[in-house]
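What follows is the residue order along each chain.
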Amino acid sequence: MTTDIILEAKNLTKTFGGLMAVDDVSITIKKKIMHAIIGPNGAGKTTLFNLLSGVMPPTNGEVFYKGENITNLPPYKRAHLGIGRSYQITNIFPNLTVLENIRLATQARGGDNFKLFRKADDFQSYIDQAREVIKAVDLAGKEAFLAQNLPHGEKRKLELGIMLACDPELLLFDEPTAGMSSEQVPELIDIINRIVQQHERTAILVEHRMDVVMSISDVITVMNQGRILAEGTPSEIASNSQVQTAYLGDLYGELA
Ligand SMILES: Nc1ncnc2c1ncn2[C@@H]1O[C@H](COP(=O)(O)OP(=O)(O)O)[C@@H](O)[C@H]1O
Ligand SMILES: [Mg+2]
């Protein structure tokens, strides 16, 4: 049976002590779609990402990737299946260069990270791949910069590059524009759009900037207090009165 579903979560729940961070969430992600998840602070978006990427186990429920039950797989195994994730907390090596950071990521994909001896031409091919990735995230010319010396906006590009180096089919972005000035946002969003569309990838995007969400999403899921409040196209969500009463002032103020 062919299916256009890439990821499916069924009845996911995550509790922290008495707190229901994610409360019986079922969500279906279709292939080649930009699927945004929005909701006020504390709604459970990052926790849901942690459950989808395997950073923590759910208290209840299951996650399926291309029909395979991955609920108990750790993050690195999910990454090998094709699920990439960017973190709000950065996972770059600050005292390595841009090229070295990306090269290590391409090498990890190649499965060579534990081999002591490599053929020189393999090594060169990792560097070539890394250079392709660096171009894709608009960091050409910055190869020799130490990651720690990059301005914030370029660190975010480097994070995208590290994720892209693993050539994921499904990309999870958690607030990729966090901490960026408004002028820096369009370029990063362009890069994300390109990364997703060029290779017909699928993306799940948590983002608080409503202008960004409304312009790039195919589908939007709204979370509130650990639960799904609504789901639909950007125009359906914008005109949803339940969504508006839940947090109209906070988010839709930016839309006006
Ligand atoms: N590791 C954790 N331990 C305890 N509580 C947590 C943990 N992670 C998140 N929470 C709580 O779960 C709720 C949802 O948080 P989170 O998923 O980060 O929301 P969002 O990303 O939508 O802002 C919040 O009340 C938060 O304080
Ligand atoms: Mg969050």
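Look a little higher up for the structure.
The following paragraphs examine the structure supplied in this document. Worth saying up front: this structure is predicted, and the values here are computed from it rather than measured. (Residues numbered from 1 in each chain as written. Chains lettered and ligands numbered in written order. Predicted model: local features only at pLDDT ≥ 70, side-chain atom pairs only at ≥ 80, totals over all residues. Heavy atoms only, no water.)

Attention shifts here to the overall build of the protein. In terms of helices and strands, the protein carries nine helices and ten strands. Within the protein, the proportion of its 256 residues that are buried is 47%. Put simply, the protein shows about 12,500 Å² of open surface, and 52% of that area lies on carbon and sulfur atoms. (Helix = DSSP H or I, 4+ residues; strand = E, 2+ residues; numbered from the N terminus. Buried < 20%, exposed > 50% of the residue type's maximum accessible area, 1.4 Å probe, protein only. Areas by Shrake-Rupley, 256 points an atom, 1.4 Å probe, with all protein chains shown as cover.)

Right, let's get into the pattern of salt bridges. Summed over the entire model, instances satisfying the criterion amount to eleven salt bridges. Here Asp 138 ties to Arg 194 by a salt bridge, and the two come within 3.4 Å at their closest N and O atoms. With Asp 138 in the loop between α4 (120–136) and α5 (152–164) and Arg 194 in helix α6 (residues 185–198), this pair connects stretches of sequence that are 56 residues apart. The class for Asp 138 is partly exposed, based on a relative accessible area of 31%. (Salt bridge = Lys/Arg side-chain N within 4 Å of Asp/Glu carboxyl O.)

Moving on, we get to the packing of aromatic side chains. With the rule as written, the count across this model stands at zero aromatic pairs. One Lys or Arg, Lys 10, reaches over the ring of Phe 64 and ends 4.8 Å from the middle of that ring. (Phe/Tyr/Trp six-rings, centres within 6.5 Å; stacked < 30°, edge-to-face > 60°. Lys NZ or Arg CZ within 6 Å of the ring centre and 35° of its normal.)

Once that is clear, we can look at the site of ligand 1. Taken together, the residues surrounding ligand 1 are Phe 16, Leu 19, Ala 21, Pro 40, Asn 41, Gly 42, Ala 43, Gly 44, Lys 45, Thr 46 and Thr 47. Note that an oxygen atom of ligand 1 is positioned 3.2 Å from one of the backbone N or O atoms of Ala 43. For the shell around ligand 1, the elements supplying multiple residues, two or more each, are β2 (19–30) and α1 (45–53). The element that contributes the greatest number of residues to the shell around ligand 1 is α1, accounting for three residues. Partitioning the shell around ligand 1 into residue classes produces five nonpolar, five polar and one charged. (Near = heavy atom within 4 Å. Polar contact = N/O pair within 3.5 Å; in protein donor to acceptor, adjacent residues only side chain to side chain. Nonpolar A, V, L, I, M, F, W, Y, C, P; charged D, E, K, R; others polar.)

One finds Ile 102, Val 137, Leu 158, Leu 160, Phe 173, Ile 195 and Val 196 to be the most contacted residues of the largest nonpolar core, which totals 34 residues. Elements with a minimum of two residues in this core: α3 (98–110), α4, α5, β7 (170–174), α6, β8 (202–206) and α7 (210–216). Broken down by element, the residue count for this core peaks at seven residues, all from α6. The residue makeup of this core includes at least three contributed by each of domain 1 (1–82 + 168–256) and domain 2 (90–167). The contacts of Phe 173, once residues within four sequence positions are left out, are Phe 49, Ser 86, Leu 160, Met 163, Ile 192, Val 196, Ala 203, Ile 204, Leu 205 and Val 206. Ile 6, Ile 27, Leu 51 and Met 223 belong to the second-largest nonpolar core, a separate cluster that totals 23 residues. (Core = buried A, V, L, I, M, F, W, Y, C linked by side-chain atoms within 4.5 Å. Domains from an automatic or database assignment. Contact = heavy atoms within 4.5 Å.)

Next up on the list: the pairing of strand β6 (residues 83–86). The two faces of β6 match: Ile 83 and Arg 85 on one face and Gly 84 and Ser 86 on the other face are all buried. Where β6 lies against β7, four bridges are found, and the strand directions are parallel. Within β7, the residue paired with Arg 85 across the bridge is Leu 172. (Pairing = 2+ DSSP bridges.)

One open sheet accounts for four strands, arranged β2-β1-β4-β5; its pairing is antiparallel. The sheet is open, and its two edges are formed by β2 and β5 (68–69), each paired on a single side. Examined bridge by bridge, strand β1 (residues 5–16) and strand β4 (residues 60–65) share five bridges and lie antiparallel to one another. Among the inter-strand pairings, Leu 7 is bridged to a residue of β4, identified as Tyr 65.

Relative to strand β9 (residues 219–224), strand β3 (residues 34–38) is paired through four bridges, and the arrangement is parallel. From the neighbouring strand, Ala 36 faces β9, where its bridge partner is Ile 220. In this antiparallel pair of consecutive strands, β9 and strand β10 (residues 227–232), the connection spans two residues, and Gln 225 shows a positive phi of 50 degrees.

The buried count for α1 comes to eight of nine residues, which makes it a mostly enclosed element. Those residues of α1 that sit buried are Lys 45, Thr 47, Leu 48, Phe 49, Asn 50, Leu 51, Leu 52 and Ser 53. In the stretch just after α1, Gly 54 is the one whose phi turns positive, near 90 degrees.

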